[in-house]
Structures are given as structure tokens and as C-alpha cells.
Amino acid sequence: MIKKNEFIIWGNYCNKCGNECSILQNEHHPWNDTTFSIKLKCNFCGNEVIVDKKHAEVFYNNKIYSYYNGLYGKVIDLGCGSGFLSRYLLNQNKIEKIYGLDEDKGCLDELSDIIKSEKKFEFINYDISNISKIFNFKSIDFLISRDVFMFIEDTDRYFEEITKIVNNGIRQIAWYLKDNSRMKNKLTPHQIANEYSKRGWNVELKYLDWYKYGYFINANKL
Ligand SMILES: C[S@@+](CC[C@H](N)C(=O)[O-])C[C@H]1O[C@@H](n2cnc3c(N)ncnc32)[C@H](O)[C@@H]1O
Ligand SMILES: [Zn+2]
């Protein structure tokens, strides 16, 4: 069942005890559209915690990053954009190589700092539909993505090809909104999970109550 969630999380860490203090809100993405500062009471130690735009962004990003821990070896960051996930992964020692794949040439500029300074990172300007031309059978340990799946047109081809290329796991966060015109495929999170399962992946699907319309898929080879 699809759980429609219209909220995103605003939060900060308590500066006395480190507890996560947050609220869910349903307005604009705050760090782009809103100036705000709110006070919450830490429900662990009672301290007053201020959540402002800067802290809320860090808190939100950390929440996303927490789904991309424990990875190792060779990783594809599918639809890497300006490297939101890749930049986080660069700090994980067990990761040998990150291939940031994106069809948009414009990413070159946004990624120029890590392309120059990080040997571990390589940008590949390609469409996902050509992925098997670049990567060999079982040559990748993990495929990660955020906010990309809904832009894939030929999803059957995607599932077939990444199942051949990726050896260990998939971590995918994205949003699903029925009848949204930006989406290039109509697969619901549940259907996506089934497509992975059918191809031999052991799949866990979670709806994220803090990520607008969001879900997380954790798929591992059996
Ligand atoms: C919403 S952005 C997400 C960027 C990044 N993953 C992040 O978390 O900030 C979606 C990205 O997917 C890329 N993309 C969409 N369809 C693609 C495809 N078929 N092959 C490769 N990249 C694609 C877009 O160019 C864009 O950079
Ligand atoms: Zn506290």
C-alpha cells in the first residue's frame, strides 16, 4: 500500500545530550524557500534546542546519509547530479571507487572540485540505458541513487542490466507521486520492490515519513 506522506523533517541535535530533536512540516523545502528558527524542548534532557535553516539542512542531509552507510568496494552513484551522495561516500574508507553516472553534461562543472581532487571519484557522462556498455558483469559492489528512479524510462532494461552488473547491493531513496508529470515511469515503490525480488534480490521497502513522498529500497543479492 502506498502511504502518502507530505512532510519533511526539520531538526537539530540537542547540544546537551546529543538527542535528535525534530518536527515534521508540510511547507516548502525550508533551506531554499524559508527563513525560520524554532525552539523545541529536548524530550530526553529537557534542554531547549534551536532549529534554524542551517542546522535543519545538516540534520536532513545526515538523515539521508544514514541510509548509505556500510558500503564498500566499487560503487555507482546513479544520477549523481552535483555529487550529493558521492561526496558523503568519499569519506568511507572501505569504498575503493565511486563512479558518478549522469546523463547531464552540466554535472561536469558542479563536480569539478572532486573530479580534480579525488582519485576515488570518476564522473561518467552517460545515460543509464547504456550502462552495460561501460560496466562488466558483476563488476560493481553497490548501486546507489537518490531521486533518480522516477526519471528512468525503460525500467525493464534497468532492472535486467543492473542485476547483471551489481554484485552485492542497491540503496535507493526516491519519491513517488501518482500522476506526477515529471515522472518517466509509473512504478509504485511496491512494484519496484517486486521487480527487484523477481530478479533474485532480497528486498526491504520502507516508506519514509520524514522525506516528502519518499521511500527507501534496500536490496541485496540472496
Ligand atoms: C533530482 S537529481 C538527483 C541528483 C543527486 N542524486 C542528488 O541526490 O542530489 C536527478 C539526476 O538524475 C539524472 N538522470 C535522470 N535520468 C537519467 C538517466 N536516464 N541516466 C543518467 N542520469 C539520469 C539527472 O540528470 C539528474 O542529475
Ligand atoms: Zn537533550
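Residues numbered from 1 in each chain as written. Chains lettered and ligands numbered in written order. Predicted model: local features only at pLDDT ≥ 70, side-chain atom pairs only at ≥ 80, totals over all residues. Heavy atoms only, no water.

K.L.:
Describe the pattern of salt bridges, naming the residues involved and giving the relevant values.
P.N.:
In this structure the tally under the stated criterion is 11 salt bridges. Measuring nitrogen to oxygen at the nearest pair gives 3.8 Å for the salt bridge that ties K63 to E20. Within this pair, whereas K63 is found in helix 2 (residues 53-65), its partner E20 is found in strand 2 (residues 20-25), the two being separated by 43 residues in sequence. The network of salt bridges with shared partners includes D156, E160, E195, K198 and R199. (Salt bridge = Lys/Arg side-chain N within 4 Å of Asp/Glu carboxyl O. Helix = DSSP H or I, 4+ residues; strand = E, 2+ residues; numbered from the N terminus.)

K.L.:
How would you sum up the coordination of the zinc ion (ligand 2)? Please name residues and give values.
P.N.:
Bound to the zinc ion (ligand 2) on the protein side are C14 (SG), C17 (SG), C42 (SG) and C45 (SG), at distances that span 2.3 Å. Its 4 donor atoms give the zinc ion (ligand 2) angles of 102 to 116° at the centre, a pattern that matches the tetrahedral case. Here the donor residues of the zinc ion (ligand 2) are spaced in sequence according to C-x2-C-x24-C-x2-C. Judged by relative accessible area, which is 3%, C42 ranks as buried. (Donors = N, O, S within 2.8 Å, 3.2 Å for Na, K, Ca; no water. Tetrahedral: all angles 85-135°; square planar, octahedral: opposite > 155°, others 65-115°. Buried < 20%, exposed > 50% of the residue type's maximum accessible area, 1.4 Å probe, protein only.)

K.L.:
Give a description of the packing of helix 7 (residues 155-165) against helix 8 (residues 189-198) that names residues and reports values.
P.N.:
Contact geometry for helix 7 and helix 8: axes closest at 10 Å, N-to-C directions at 40°. With respect to their mutual orientation, helix 7 and helix 8 come out oblique. With respect to the hand of their crossing, helix 7 and helix 8 are arranged in right-handed fashion. Listed contacts from helix 8 to D156, Y158, F159 and I162 of helix 7 are I192, E195 and Y196. Its residues assigned to classes, the contact of helix 7 with helix 8 comprises 5 nonpolar, no polar and 2 charged. (Axes fitted to C-alpha atoms, helices over the stretch in contact; angles between N-to-C directions. Parallel < 35°, antiparallel > 145°, perpendicular 65-115°, else oblique. Left-handed = near helix turned anticlockwise from the far one by under 90°. Contact = heavy atoms within 4.5 Å. Nonpolar A, V, L, I, M, F, W, Y, C, P; charged D, E, K, R; others polar.)

K.L.:
Residue-level account of the domain arrangement of the protein chain, with values.
P.N.:
With domains assigned, the protein chain is organised as domain 1 (8-63) and domain 2 (69-221). Its C-alpha centre places domain 1 at a distance of 28 Å from the equivalent point of domain 2. Contact with domain 1, which involves 8 residues of that partner, is made by 5 residues of domain 2. It is I8, Y60 and K63 that lose the most area in domain 1 upon contact with domain 2, and together they represent 58% of the buried surface on that side. Put simply, domain 1 and domain 2 have 0 salt bridges between them. The interface formed by domain 1 and domain 2 includes 1 residue pair in polar contact (both at pLDDT 80 or more). Secondary structure elements with two or more residues in the side of domain 1 that touches domain 2: strand 1 (8-13) and helix 2. Per element, the largest residue contribution to the side of domain 1 that touches domain 2 is 3 residues, and it comes from helix 2. Considering only residue class, the side of domain 1 that touches domain 2 consists of 4 nonpolar, 2 polar and 2 charged. (Domains from an automatic or database assignment. Buried area = accessible area lost by both parts, 1.4 Å probe. Polar contact = N/O pair within 3.5 Å; in protein donor to acceptor, adjacent residues only side chain to side chain.)

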